[in-house]
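Residues per chain, in single letters:
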Amino acid sequence: MIEINKISKWYGDFQVLTDCSTRINKGEVVVVCGPSGSGKSTLIKCVNALEPFQQGDIIVDGISVADPKTNLPKLRSRVGMVFQHFELFPHLSITENLTLAQMKVMGRSKEEASQKGLAYLDRVGLKAHAHKFPGQLSGGQQQRVAIARALSMDPIAMLFDEPTSALDPEMVNEVLDVMVELAQEGMTMMCVTHEMGFARRVANRVIFMDKGQIVEDCAKEAFFGNVEARSERAQQFLSKILQH
Ligand SMILES: Nc1ncnc2c1ncn2[C@@H]1O[C@H](COP(=O)(O)OP(=O)(O)O)[C@@H](O)[C@H]1O
Ligand SMILES: [Mg+2]
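Everything quoted here is computed from the prediction, not taken from an experiment. (Residues numbered from 1 in each chain as written. Chains lettered and ligands numbered in written order. Predicted model: local features only at pLDDT ≥ 70, side-chain atom pairs only at ≥ 80, totals over all residues. Heavy atoms only, no water.)

### Observations concerning the site of ligand 1
And step 1. Taken together, the neighbourhood of ligand 1 is formed by Tyr11, Phe14, Val16, Pro35, Ser36, Gly37, Ser38, Gly39, Lys40, Ser41 and Thr42.
And step 2. The separation between an oxygen atom of ligand 1 and a polar main-chain atom of Gly37 is 2.7 Å.
And step 3. Computed on the free molecule, ligand 1 has an accessible area of 570 Å², of which 59% lies beneath the protein chains in the complex.
And step 4. Considering each element in turn, the shell around ligand 1 owes the most residues, three residues, to helix H1 (residues 40-47).
And step 5. Classifying every residue of the shell around ligand 1 gives four nonpolar, six polar and one charged. (Near = heavy atom within 4 Å. Polar contact = N/O pair within 3.5 Å; in protein donor to acceptor, adjacent residues only side chain to side chain. Areas by Shrake-Rupley, 256 points an atom, 1.4 Å probe, with all protein chains shown as cover. Helix = DSSP H or I, 4+ residues; strand = E, 2+ residues; numbered from the N terminus. Nonpolar A, V, L, I, M, F, W, Y, C, P; charged D, E, K, R; others polar.)

### Topic: the nonpolar core
And step 1. One finds Ile147, Met158, Phe160, Met179, Met189 and Phe198 to be the most contacted residues of the largest nonpolar core, which totals 48 residues.
And step 2. With nine residues, the top contributor of residues to this core is helix H6 (residues 169-184).
And step 3. Ile2, Ile7, Leu43 and Ile156 belong to the second largest nonpolar core, which has 28 residues in total. (Core = buried A, V, L, I, M, F, W, Y, C linked by side-chain atoms within 4.5 Å. Buried < 20%, exposed > 50% of the residue type's maximum accessible area, 1.4 Å probe, protein only.)

### Some thoughts on the sheet that holds strand S1 (residues 2-11)
The strands making up a sheet associate through hydrogen bonds between their backbones, and the pairing can be parallel or antiparallel.
And step 1. Judged by pairing direction, the sheet is antiparallel, and its four strands sit side by side in the order S2-S1-S4-S5 without closing on themselves. Either end of the sheet is taken by a strand with one partner, and the two such strands are strand S2 (14-24) and strand S5 (63-64).
And step 2. Of the strand pairs in this sheet, strand S4 (residues 55-60) and S5 are connected by two bridges, and their pairing is antiparallel. Bridge pairing in S5 places Val60 opposite Ile63.
And step 3. Most of the contacts of H1 go to S1, to which it runs at about 120°, and overall it touches S1, S2 and S4. (Pairing = 2+ DSSP bridges. Contact = heavy atoms within 4.5 Å. Axes fitted to C-alpha atoms, helices over the stretch in contact; angles between N-to-C directions.)

### Focus: the sheet that holds strand S3 (residues 29-33)
And step 1. If you walk across this open sheet you meet the six strands as S6-S7-S8-S3-S9-S10, and the pairing is mixed. Each of the sheet's edge strands pairs with one partner strand only, and the pair in question is strand S6 (79-82) and strand S10 (213-219). Direction aside, the axes of adjacent strands within the sheet are offset by 15° on average.
And step 2. Of the pairings in the sheet, the one linking S6 to strand S7 (residues 157-161) comprises four bridges and is parallel in character. Each residue of the ladder has a partner; that of Met81, found in S7, is Leu159.
And step 3. Along the sheet face, helix H5 (residues 139-151) touches S6 and S7 and points at about 170° away from the line of S6.
And step 4. Packed on one face of the sheet, H6 meets S3, S7 and strand S8 (189-192) and runs near 150° to S8.

### Comments concerning the environment of Met196
And step 1. Structurally, Met196 can be placed in helix H7 (residues 196-202).
And step 2. Given a relative accessible area of 6%, Met196 falls into the buried group.
And step 3. Between the C-alpha atom of Met196 and that of Asp67, which follows or precedes it by 129 residues, the distance is 35 Å.
And step 4. Setting aside residues up to four positions removed in sequence, Met196 forms contacts with Cys33, Phe224, Ile241 and Leu242.

Coordinates in, geometry out; function isn't part of it.
The following block contains the structure:
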């Protein structure tokens, strides 16, 4: 579904990604972890063309992101993205947040968009909040709305960039539960997260990044089960985040 081939990217003189390659098959869940500043967000943004890259290519469902002929807005509309800070429109109701892109980008009627959006809002357990504004919801609820919004676009894959790291601890699980359900339903997912419980439960593979490189890309069982075989950098990182 997603094929990342030898991606390199620079911000001016600074090389943020170096020769990154991996692939995510249909229905696979891949967790991306690594220290702050290692390039995780940049890599995931390259997948739906929110960031340009200078070398390599990414193929999403057979479509080249680097090909100048590719319709990038259309490609982006097919890959759901969920950010750390939800990015809901504060001045729009939850229903309007759920329907705007469906109508603008996909050309759906208001009725069709509402029906779809509210069905997903129900799935994330928030049907009763449709008329509210984002500021009236908790962080965990806003993030579930953001997931429902992304799902309303019928994405072929979902990208998550630290979806729970801005949340109070008691709200983390309600968001992870929605993500676990999605994974179990067969959604193709690339998730930047340090929630290793989530990774252990539903990931097929774990990617570890450091200094713009993919240092580890292996099956979950190998990543957690055979720690001695991991690179020193991955071991150091794991020992830090698994200490508590
Ligand atoms: N727009 C930008 N301009 C210049 N440098 C950037 C920009 N965005 C990110 N960086 C740098 O690129 C590196 C990787 O950033 P990022 O992908 O956000 O890392 P991560 O998500 O792993 O924390 C960091 O050193 C960051 O400072
Ligand atoms: Mg990041």
